[in-house]
Amino acid sequence: MKAVVCTKYGPPEVLQIQQVLKPIPTHNQILVKIVATTVNSGDVRVRSLDVKGFMKVIIRLVLGISKPRKAILGTVFSGVVETVGHKVSTFKVGDRVFGMTGFNFGTHAEYIAVNQNSNVLEMPDNATFHEAAAIVFGGQTAIYFLDKAKITDTPGKKILIIGATGSVGTAAIQIAKYHNADITAVCSSRGHKLVVELGVTNIICYDKEDFTKQAERFDIIFDAVGISNKKQCKKLLRANGIYLNVNKYASETVQQLQVLKELFKKNALNAVIDKTFSMDEVIEAHRYVETGRKKGNVVLKICE
Ligand SMILES: NC(=O)c1ccc[n+]([C@@H]2O[C@H](COP(=O)([O-])OP(=O)(O)OC[C@H]3O[C@@H](n4cnc5c(N)ncnc54)[C@H](OP(=O)(O)O)[C@@H]3O)[C@@H](O)[C@H]2O)c1
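## A few points about the site of the ligand
Reasoning step 1: Within the structure, the ligand sits among 25 residues, and Ser-41, Ser-188, Tyr-206, Arg-293 and Lys-294 are positioned closest to it.
Reasoning step 2: In the model, a nitrogen atom of the ligand is placed 2.7 Å from a nitrogen or oxygen of the Val-246 main chain.
Reasoning step 3: Between an oxygen atom of the ligand and a side-chain N or O atom of Lys-295, the distance comes to 2.8 Å.
Reasoning step 4: Bound to the protein, the ligand loses 87% of the 920 Å² it would expose on its own.
Reasoning step 5: Looking at the shell around the ligand, the elements with two or more residues in it are helix H1 (41-48), helix H4 (136-148) and helix H5 (167-178).
Reasoning step 6: In the shell around the ligand, the residues fall into 9 nonpolar, 10 polar and 6 charged.
Reasoning step 7: There are two domains that each give the shell around the ligand at least three residues, and those are domain 1 (2-135 + 271-301) and domain 2 (138-245).

## Some words on the packing of H4 against helix H8 (residues 254-265)
Reasoning step 1: Here H4 crosses H8 at 110 degrees, and the two axes come no closer than 9 Å. By the criterion of interaxial angle, the relationship of H4 to H8 is roughly perpendicular. Crossing angle aside, the handedness with which H4 passes H8 is right-handed. Residues Val-136, Gly-139, Gln-140, Ile-143 and Tyr-144 of H4 touch H8, and the partners they reach there are Gln-256, Leu-257, Val-259 and Leu-260.
Reasoning step 2: The residue makeup of the contact of H4 with H8, split by class, is 6 nonpolar, 3 polar and no charged.

Criteria and cut-off values
Each residue is numbered by its place in its chain's sequence as written, counting from 1. In view of the model being predicted, local features appear only for residues whose pLDDT reaches at least 70, and side-chain atom pairs are presented and counted only at 80 or more, with totals across whole chains, interfaces and linings using the full set of residues. By convention in this description, side-chain values take in all heavy atoms of the structure and omit both hydrogens and water. The cutoff for a nearby residue is simple: one of its non-hydrogen atoms must lie within 4 Å of the molecule or strand. Distance and chemistry together define a polar contact, namely a pair of N or O atoms within 3.5 Å, with one atom able to donate a hydrogen and the other to accept it when in protein, and with adjacent residues in sequence counting only for side-chain atoms on both sides. Reported accessibility uses the Shrake-Rupley method at a 1.4 Å probe radius. Residues are deemed covered only where the shown protein chains occlude them. A helix here means a DSSP run of H or I that spans at least four residues, while a strand means a run of E at least two residues long, and both kinds are numbered starting from the N terminus. Just so you know the grouping, Ala, Val, Leu, Ile, Met, Phe, Trp, Tyr, Cys and Pro go in nonpolar, Asp, Glu, Lys and Arg go in charged, and all remaining residues, Gly too, go in polar. All the domain ranges listed were derived from an automatic or database domain assignment. Note on method: axes are straight lines fitted to C-alpha atoms, helices fitted across the in-contact stretch only, with angles between N-to-C directions ranging 0 to 180 degrees. Comment on the angle field: the value is read as roughly parallel under 35 degrees, roughly antiparallel over 145, roughly perpendicular from 65 to 115, and oblique elsewhere. Working rule for handedness: look at the near helix, and if it is turned counterclockwise from the far one by less than a right angle, call the crossing left-handed; if clockwise, right-handed. In what follows, residue pairs with any heavy atoms lying within 4.5 Å of each other are defined as contacts.

Note that every value here comes from positions in space, so none of it alone points to a role or purpose.
Below you can see the structure in the form of C-alpha cells.
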C-alpha cells in the first residue's frame, strides 16, 4: 500500500511517499481502507521534534531516537471497513468508520488495522468522510478540557476561549455553545469572520486589543492555543474560576468520539475545514499547518 513515511525528524521534506506492507488485521481488529485523514499540529510537532529543552530527550525516548519508530504518522482516520478479524462483532465489512489512533499513529496511509474496542466508531450518517476526519482531533481535545472545566454542570457559564480559530479552538466554541455557555473568543482580525460564523458575538482581536486588560470576569478560561499562563489570566477569573491550557496533557477516549458523533448528527457541530490536500501533496500540507495560522482543520485526502 502507499503511505507517507517519516524518514527522520526534520522539515516537511523528510516525508516520503513509499510502498509499504498492507497491515493484516488480527482476530480483534478491523482493516480500514482510509478515505480521509488530517494533518494537524500534533503531526507537525512529531515530525519536526518541535519541543523545548529536556522534553526533546523524553520525546526521543518515547517516539524514537533519530526518527519516529512508528514511521507512518497521522492519528485520525475515516474510511470503510474492508475486512474484519474472526472475533470482531462490533463492525462489519462495508461500515463507514472514523477514529483516532493516538500514539499508535499510522493513518497517513491507504490502510490501517485497529482494534474493534479502540477509539473507533461508525461515522455519523450525515457526515462526509472529510467531515468525519476533520472533527476528531480538535474535538476530542476540546471535550477533554471542557469536561475538566465541568462545562456541562451549569448552563450559562462565562468562558473565555483564547486561540479560537485553530482545530481545538473551533471545536471548543461549538461544544461550549451547545452547553449554552456565554462565550468570549480571542482571535486575530484574520480569524474574526470565522468566529462570527461559529456564532460568537463577543470577540477580542488580539492584534488590536490586549485580552488581559478587559473588565469581564470568567468562570472558565480555556487557552486552546497555549500562548498564555495562569498568572497572566488570574485576574480575569471569577471566584472558583478555572484556567486550562491546551499544552497540558490530554487523553482521547471513545466516549469523546461518541459525543462528537452525537453533536454532528444534531448539527450542533460542523466540520471546519480550511484546506484539503491529496496524499501526494503531504509536504505542502505540513508546510501549511506548520505556519500555525490554519483555521480549523487540514484534510489529507487518501482516496476518492
Ligand atoms: N494537550 C494535547 O493533547 C493537545 C492536543 C491537541 C493540540 N494541542 C496543542 O494545542 C495547540 C493548538 O492546536 P491546534 O491543532 O488547534 O492548532 P492550529 O489548528 O494550528 O491553530 C492555530 C490557530 O491559533 C491561532 N493563533 C495563533 N496565535 C494566536 C494567538 N496569539 N492568540 C490567539 N490565536 C492565535 C491561529 O490563527 P491566527 O494566526 O490568525 O491568530 C490559528 O488559527 C497546539 O500547541 C497543540 O500542540 C495539545
